[in-house]
Amino acid sequence: VAGLQRGSAAIVGVAESDLGAVVREMSPIDLMAQGVHRALADCGLQLRDVDGLLCATSQSRTSGLAFSEYLGISPAFIDTTILGGSSFMFHVAHVQAALQLGLCKHAVIAYGSTQRTVGRRHASVREYNPYETPFRPFLPSTAYALAASRHMHQYGTTREQLAAVAVAAREWALLNPVAWEKKPLTIAEVLSARMVSYPFTVRDCCLITDGGGAIVMTTAERARSLKKPPGYVLGCGQAITHANISSMPDLTVTGALRSGRAAYEMAGLGPKDIDVVELYDAFTINTILFLEDLGFCPKGEGGRFVEGGRIAPKGSLPVNTNGGGLSYCHPGMYGLFLLIEATRQLRRECGARQVADCDTAIAHGNGGVLSSQSTVILGTEATV
Amino acid sequence: MAEDALVCFENLGGIGVITVDNPPVNALSPGVPEGIVEAVERGNADPTIKAMVLIGAGRSFIAGADIRQFGTRRPPPVPGKRTHEVLDASAKPVVAAIHGYALGGGLEIALASHYRVAVPSAKVGLPEVLIGILPGSGGTQRLPRLIGPKAAMDMIVSGRHVPAEEARGLGIIDELVAESADLRQAAIAMARRVADTRPLPRIRDRDDKLAEAKADPGLFDAMRKSIARRARNQNAPYNCIAAVEASCALPFDDGVGRERELFDELENSAEARALRYAFFAEREVAKLPDIPRETPLRPVESAAIIGAGTMGGGIAMSFAEFGFPVKLLEVSQEALDRGLARIRSNYETSVKRGSLSEVEMNRRLGLIEPVQSYDAIGQCDVVIEAVFERIPVKEEVFAKLDQVMKPGALIFSNTSGIDIDIMANATKRPQDVAGTHFFAPANIMKLFEVVQGAKSAPDTLATAMALGRKIGKISAMAGNCDGFVANRSRTPFGTEMNIMVEEGVLPEQVDKVMVDFGYPIGPFATADLSGLDIGYDSRQRRAAENPNYRKMPIADLLVESGRLGQKTGAGWFRYEKGDRTPHPDPEVARMIKEKAKELGIEQRSFSDEEILHRLLFASVNEACKILEEGKAYRASDIDVMWLNGFGFPRYRGGLMYWADGIGVAEVYRQIAAWHQRYGERWAPAPLLRRLAETGTPFREAEPGRPM
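What comes next concerns the included structure. Note that the coordinates shown come from a computational prediction; the quantities given were computed from them, not determined experimentally.

**With respect to the side chain of Lys-473 of chain B**
Residue and element names in this part refer to chain B.
Now for step 1: Along the chain, Lys-473 turns up in the loop between helix H18 (458–470) and strand S17 (474–478).
Now for step 2: Glu-321 provides the closest opposite charge to the buried, unpaired Lys-473, separated from it by 6.4 Å.
Now for step 3: In this structure the side chain of Lys-473 is engaged in a polar contact, spanning 2.9 Å, whose partner is the backbone oxygen of Met-445.
Now for step 4: The residues touching Lys-473, leaving out its near neighbours within four places in the chain, are Ser-318, Phe-438, Ala-442, Asn-443, Ile-444, Met-445, Lys-446, Phe-448 and Gly-468.

So, in structure tokens, the structure goes:
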């Protein structure tokens with residue numbers, strides 16, 4: 001993003017709220033607050049230090065008001081940009097800009113959702129689209145399934161290759177104590193699971209869980225004096241291409257191509273320099289599309305690329321090390337969790353799933369139906 | 001002296017006989033030059049020795065350097081201890097006795113000797129230019145002093161082998177002895193004769209022949225100009241000229257210094273590396289990993305060709321050139337006469353051009369016997385079918401051959417596209433059947449593609465490979481698949497050139513790019529030469545067989561409007577009467593534009609690099625599929641095929657070697673990008689992907705399962 005300086009800001013605190021299926025009385029704002037308190041504790045800051053507040057949720061129309069009231073603060077900088085699951089990557093860029101301008105000193109970015117408890121119908125209301133709604137699409141699955149079908153047609157990608165993404169995610173999830181899924185998964189099981197929207201079975205689709213979390217950001221200078229090693233923001237990039245799938249320019253090419261390029265350019269890095277990759281895997285095709293668009297393999301080659309366990313725990317490229325939206329958690333808008341995992345990997349806090357010698361991480365967010373793409377590249381002190 | 005010494009020294013009544021014994025051809029491997037130096041020094045130190053003879057054991061004098069030594073780190077030569085320097089410094093005369101080959105470093109040693117005697121069958125030459133370097137042991141300084149700079153440049157820049165008789169005329173050989181005479185004895189006799197002659201005749205001391213350059217200072221520029229087309233993109237020929245030029249401008253020792261500098265510039269150049277690669281690839285191609293080396297070959301002393309068309313005639317000429325009696329069968333008298341007339345006219349053209357003697361023409365014509373009945377060929381050791389490319393016709397011919405050919409006769413087909421097994425199964429002896437695919441013009445192109453049928457016996461294949469070499473070809477093994485290996489790997493190139501034209505490139509632009517790259521003629525001009533109707537027919541056939549076949553509407557349009565290529569005076573280019581020069585034709589540009597508009601294809605401009613890569617990468621990708629399917633033994637075999645079948649510039653090593661220069665990862669990246677842009681036909685071969693991901697060069701690719 002033009003104007004942002006490589007490494008000028010950092011993520012200093014990260015935390016998940018309760019995940020999975022929360023108790024009935026929990027509200028999305030409760031989960032956000034839980035995340036903020038845990039994230040502040042993570043970096044050793046107090047609520048009174050927070051003068052920047054960013055959040056997004058589909059369950060509160062004016063979440064900025066609700067959340068400020070709940071926390072009892074009146075932030076100097078506030079932003080509730082909502083562009084789907086990638087909103088939090090946009091927030092990172094906005095916070096970085098605000099920090100550079102001195103609009104705030106410490107900002108939190110928070111998310112919470114009780115979609116599993118209240119039901120998706122209540123959590124996220126579908127809007128009418130004259131070109132799609134009459135055909136009764138099962139959204140968002142139908143939209144992603146279209147992209148997957150096109151990819152299969154154009155590049156010979158197979159359902160087995162899609163399934164390999166789900167299997168790799170599951171293998172990572174088994175190394176993550178807080179992951180929703182606890183049992184091993186095979187390609188055959190993915191293929192024979194209940195069909196949701198061809199070519200996706202239920203195992204090609206992300207989980208539907210509750211959950212939330214928060215991250216704390218501050219300037220690079222302040223970051224150095226805090227409790228834990230910061231994850232510096234080396235690069236940010238964003239792109240939106242459409243809102244509805246019927247308006248997507250090319251079903252197999254996402255805005256990640258542009259957002260990734262911008263982020264790499266700002267970071268002065270390329271795909272070869274990235275140690276750990278966190279991609280928004282709402283559906284198995286996402287991982288394939290983003291691996292391609294972010295330059296880890298050529299366009300059309302993603303299906304072949306993920307074969308043979310390449311992105312699984314013992315593979316050559318660690319992707320979605322927390323188990324991803326497919327097997328760890330997916331409370332509606334998942335982007336924040338990618339930033340949390342990327343930061344933890346850089347801090348070497350990930351235990352069994354820790355990627356060795358991990359100094360750079362990419363966290364790529366996707367929103368809508370492949371509509372908004374935002375890429376954040378983080379690095380350790382060594383990379384600044 | 002050790003039994004296995006590379007160089008022996010014997011004192012035969014006062015004559016020191018130095019024998020180089022490094023089989024098979026006495027190459028100058030490490031130890032050989034040192035051995036010669038030691039022997040010459042020993043001869044000088046021994047007061048009983050009056051003169052020396054330098055001779056090769058076995059079938060040759062010294063056939064040249066050990067090419068594997070080039071481009072490796074070698075200890076720098078000790079000044080004054082290089083073979084030619086030691087020979088120059090010898091106080092006693094040395095007679096070089098030449099049989100077989102005295103090439104490269106071998107001839108340079110002979111030139112540093114004081115006298116040269118040879119048998120008439122010997123050949124001499126300085127072929128270093130052919131592997132991208134120059135003679136680096138004084139050859140470029142001595143030869144001009146011996147035969148004049150002009151003749152020396154001719155030899156050094158062409159690298160040709162000069163027969164002993166001609167070498168005698170030029171002054172390279174002092175004396176010829178009869179083929180039947182004992183060369184060693186003759187050389188010893190000569191050594192005795194000259195033992196007391198002083199001063200010793202050293203070439204380095206002569207400069208009378210250099211006067212030629214003083215009289216004609218434009219000589220070197222004229223030579224540079226004359227090779228400009230042939231030597232484009234190369235440095236070695238120019239450095240050869242510069243070295244000879246130095247021989248005329250500088251004192252001998254300075255000239256040798258200059259020669260060394262010019263040599264050093266070349267040794268590790270891209271062109272020298274590619275040419276060395278090609279040299280070894282052409283040796284490697286003969287190795288058949290799945291056929292035991294000791295497989296006995298079937299005797300082949302006589303041949304028959306079925307079909308006296310252009311290919312059949314060309315094949316017959318190939319056999320006749322190498323002394324095989326060959327029967328040319330065509331059932332119709334008229335076709336047979338036409339075929340023979342074509343052969344005769346080809347020979348007459350060569351005689352007119354001076355590349356063939358009348359005696360040789362008559363000898364060859366005498367070996368070609370026209371016949372009209374299958375019974376007449378039954379006793380031939382090998383028969384090659386070269387009839388019309390239609391399956392029923394082929395089946396009929398093979399059924400007939402099965403009836404008439406003696407047991408054990410080899411039955412080969414020159415088909416360029418029909419499944420060998422169909423023909424093999426038309427006989428009761430499929431083990432004797434294989435493909436032997438010649439490339440047009442069959443008597444000129446070196447490639448001889450042997451195609452394995454499912455039931456071809458190992459000795460059938462081994463004999464086919466050997467047969468190709470016996471008729472001066474380079475044999476390469478291919479698996480049986482559509483187009484076999486050579487044409488199959490070339491086909492995507494042809495497809496892309498047609499499709500690019502639809503996108504806005506003109507034939508002349510494509511041809512210029514490929515000629516600049518190093519092809520002798522551009523691909524569209526080549527298509528015009530072969531006739532556009534050939535491709536048209538096969539396209540119609542393929543389109544009928546496969547609804548997804550990518551049609552070539554512009555090529556079709558040319559044929560349908562009567563533009564069949566050179567033979568009709570117009571194809572992709574237009575031609576003046578009686579002239580083969582392709583001229584860009586605005587009419588073609590107009591037809592292309594109109595057709596593209598009709599098809600709704602957006603027109604754009606292309607960079608030269610995009611054109612080059614688009615054509616060649618398409619073939620690289622196909623070559624990967626061929627390797628993966630195990631239809632070729634190794635990537636370098638495909639290179640050999642491109643060098644010898646399609647005119648790919650040798651100094652670029654071959655298709656796959658060239659692609660390695662670009663880098664596997666880049667080739668993969670580009671092919672995947674074109675897959676995205678152009679669809680299915682550019683889907684990267686799985687092997688290509690694997691190579692790219694593991695960083696393995698094409699030429700180290702492990703082929704898939706055996707043919």
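And the narrative resumes.
**Thoughts on the sheet that holds strand S9 (residues 276–279) of chain A**
Residue and element names in this part refer to chain A.
Now for step 1: Strand order in the open sheet made by the nine strands is S3-S2-S4-S7-S1-S8-S11-S10-S9, with mixed pairing throughout. Either end of the sheet is taken by a strand with one partner, and the two such strands are strand S3 (77–79) and S9. With strand direction ignored, the average angle separating the axes of adjacent strands in the sheet is 25°.
Now for step 2: Direction of pairing for S9 relative to strand S10 (residues 360–367): parallel, over a ladder of four bridges.

**Considerations on the interface of chain A and chain B**
Now for step 1: Taken together, the nine residues of chain A in the interface contact nine residues of chain B.
Now for step 2: Note on chain A versus chain B: buried area summed over both sides is about 810 Å², and carbon and sulfur give 46% of it.
Now for step 3: The three residues of chain A that bury the most area against chain B are Tyr-155, Pro-298 and Glu-301 of chain A, which together make up 48% of that side's buried surface.
Now for step 4: On the surface where chain A and chain B come into contact, there are two salt bridges.
Now for step 5: Linking Arg-310 of chain A and Glu-693 of chain B is a salt bridge whose minimum nitrogen-to-oxygen distance equals 2.6 Å.

**Structural notes on the sheet that holds strand S3 (residues 51–56) of chain B**
Now for step 1: One open sheet holds the six strands; their spatial order is S1-S2-S3-S4-S6-S9 (chain B), and the pairing between them is mixed. Edge positions in the sheet fall to strand S1 (7–12) and strand S9 (175–176) of chain B, since each has one partner strand and no second.

**Quick notes on the pattern of salt bridges**
Now for step 1: The full count for this structure, using the stated rule, is 68 salt bridges over all chains.
Now for step 2: With a shortest N-O distance of 3.0 Å, Arg-224 of chain A and Glu-381 of chain A are connected by a salt bridge. In this pair, Arg-224 of chain A is assigned in the loop between helix H9 (220–223) and strand S8 (231–240) and Glu-381 of chain A in the segment after strand S11 (372–379), connecting sequence segments 157 residues apart.
Now for step 3: Assessed through its relative accessible area of 42%, Arg-224 of chain A is described here as partly exposed.
Now for step 4: Arg-160 of chain B is the salt-bridge partner of Asp-154 of chain B, the closest N and O atoms lying 3.2 Å from each other.
Now for step 5: A relative accessible area of 29% places Arg-160 of chain B in the partly exposed class.

**Observations regarding the environment of Ala-399 of chain B**
All names here are of chain B.
Now for step 1: Checked against the element boundaries, Ala-399 lands in helix H16 (residues 391–404).
Now for step 2: Its relative accessible area of 29% is what places Ala-399 among the partly exposed residues.
Now for step 3: Sequence separation between Ala-399 and Met-423 is 24 residues, and the spatial gap between their C-alpha atoms is 8.5 Å.

**Examining helix H6 (residues 141–155) of chain A**
Since there are 3.6 residues in each turn of an α-helix, residues three or four apart along the chain are aligned in direction.
All names here are of chain A.
Now for step 1: Taking 1.5 Å per residue, 15 residues should reach 21 Å; H6 reaches 21 Å between its end C-alpha atoms and fits that length.
Now for step 2: Where H6 is concerned, the buried positions are Ser-141, Ala-143, Tyr-144, Ala-145, Ala-147, Ala-148, His-151, Met-152, Gln-154 and Tyr-155.
Now for step 3: At the exit of H6 stands Gly-156, carrying a positive phi of roughly 75°.

**So, the pairing of S10 of chain A**
Residues and elements named next belong to chain A.
Now for step 1: Most of S10 sits out of view: eight of its eight residues are buried.
Now for step 2: Pairing analysis gives eight bridges linking S10 to S11, with the strands arranged antiparallel. Its bridge partner being in S11, Gly-367 is matched across the sheet by Ser-372.
Now for step 3: The hairpin turn running from S10 into S11, its antiparallel successor, is four residues long, and Gly-368 in that turn takes a positive phi close to 65°.

**A closer look at empty space enclosed by the protein**
All names here are of chain A.
Now for step 1: Applying the stated criterion across every chain, the model contains one cavity of 30 Å³ or more.
Now for step 2: For the largest cavity, the calculated volume is near 40 Å³.
Now for step 3: The wall of the largest cavity is formed by Val-165, Ala-168, Ala-169, Trp-172, Asp-281, Thr-287, Ile-311, Val-319, Asn-320 and Leu-326.
Now for step 4: The element contributing the most residues to the lining of the largest cavity is helix H7 (residues 159–173), with four residues.

**A word on the side chain of Ser-68 of chain A**
Residues and elements named next belong to chain A.
Now for step 1: The residue Ser-68 is located in helix H2 (residues 63–71) in this model.
Now for step 2: Among the residues examined, Ser-68 registers a relative accessible area of 11% and is labelled buried.
Now for step 3: Look past the residues within four positions of Ser-68 in its chain and what remains in contact with it is Leu-53, Ile-73, Pro-75 and Ile-78.

**A closer look at the packing of aromatic side chains**
Now for step 1: Per the counting criterion, the structure on display carries 25 aromatic pairs over all chains.
Now for step 2: Ring centres 5.5 Å apart and planes at 80° place the aromatic pair Tyr-280 of chain A and Tyr-334 of chain A in the edge-to-face group. Of this pair, Tyr-280 of chain A sits in the loop between S9 and helix H11 (284–293) while Tyr-334 of chain A is found in the loop between helix H13 (324–327) and helix H14 (335–346), placing the two residues 54 residues apart along the sequence. Of the two residues, Tyr-280 of chain A and Tyr-334 of chain A, both sit in the buried class.
Now for step 3: In this structure an aromatic cluster arises from ring pairing among Phe-439, Phe-493, Phe-517, Tyr-519, Phe-617, Trp-642, Phe-646, Phe-648, Trp-658, Trp-674 and Trp-682 of chain B.
Now for step 4: Above the plane of the ring of Phe-305 of chain A lies Arg-310 of chain A, whose end atom (NZ or CZ) is 4.2 Å from the centre.
Now for step 5: Lying over the aromatic face of Tyr-678 of chain B, Arg-614 of chain B brings its terminal NZ or CZ to 4.1 Å of the ring centre.

Conventions and cut-offs
- Residues numbered from 1 in each chain as written.
- Chains lettered and ligands numbered in written order.
- Predicted model: local features only at pLDDT ≥ 70, side-chain atom pairs only at ≥ 80, totals over all residues.
- Heavy atoms only, no water.
- Helix = DSSP H or I, 4+ residues; strand = E, 2+ residues; numbered from the N terminus.
- Buried < 20%, exposed > 50% of the residue type's maximum accessible area, 1.4 Å probe, protein only.
- Lys, Arg positive; Asp, Glu negative; His and termini not counted.
- Salt bridge = Lys/Arg side-chain N within 4 Å of Asp/Glu carboxyl O.
- Polar contact = N/O pair within 3.5 Å; in protein donor to acceptor, adjacent residues only side chain to side chain.
- Contact = heavy atoms within 4.5 Å.
- Pairing = 2+ DSSP bridges.
- Axes fitted to C-alpha atoms, helices over the stretch in contact; angles between N-to-C directions.
- Buried area = accessible area lost by both parts, 1.4 Å probe.
- Expected span 1.5 Å × (residues − 1).
- 1 Å grid on protein atoms, 1.4 Å probe; cavity = no way out; pocket = protein on both sides within 12 Å on 5 of 7 lines; lining within 4 Å.
- Points joined across faces, edges and corners; volume = space filled by probe spheres on them.
- Phe/Tyr/Trp six-rings, centres within 6.5 Å; stacked < 30°, edge-to-face > 60°.
- Lys NZ or Arg CZ within 6 Å of the ring centre and 35° of its normal.

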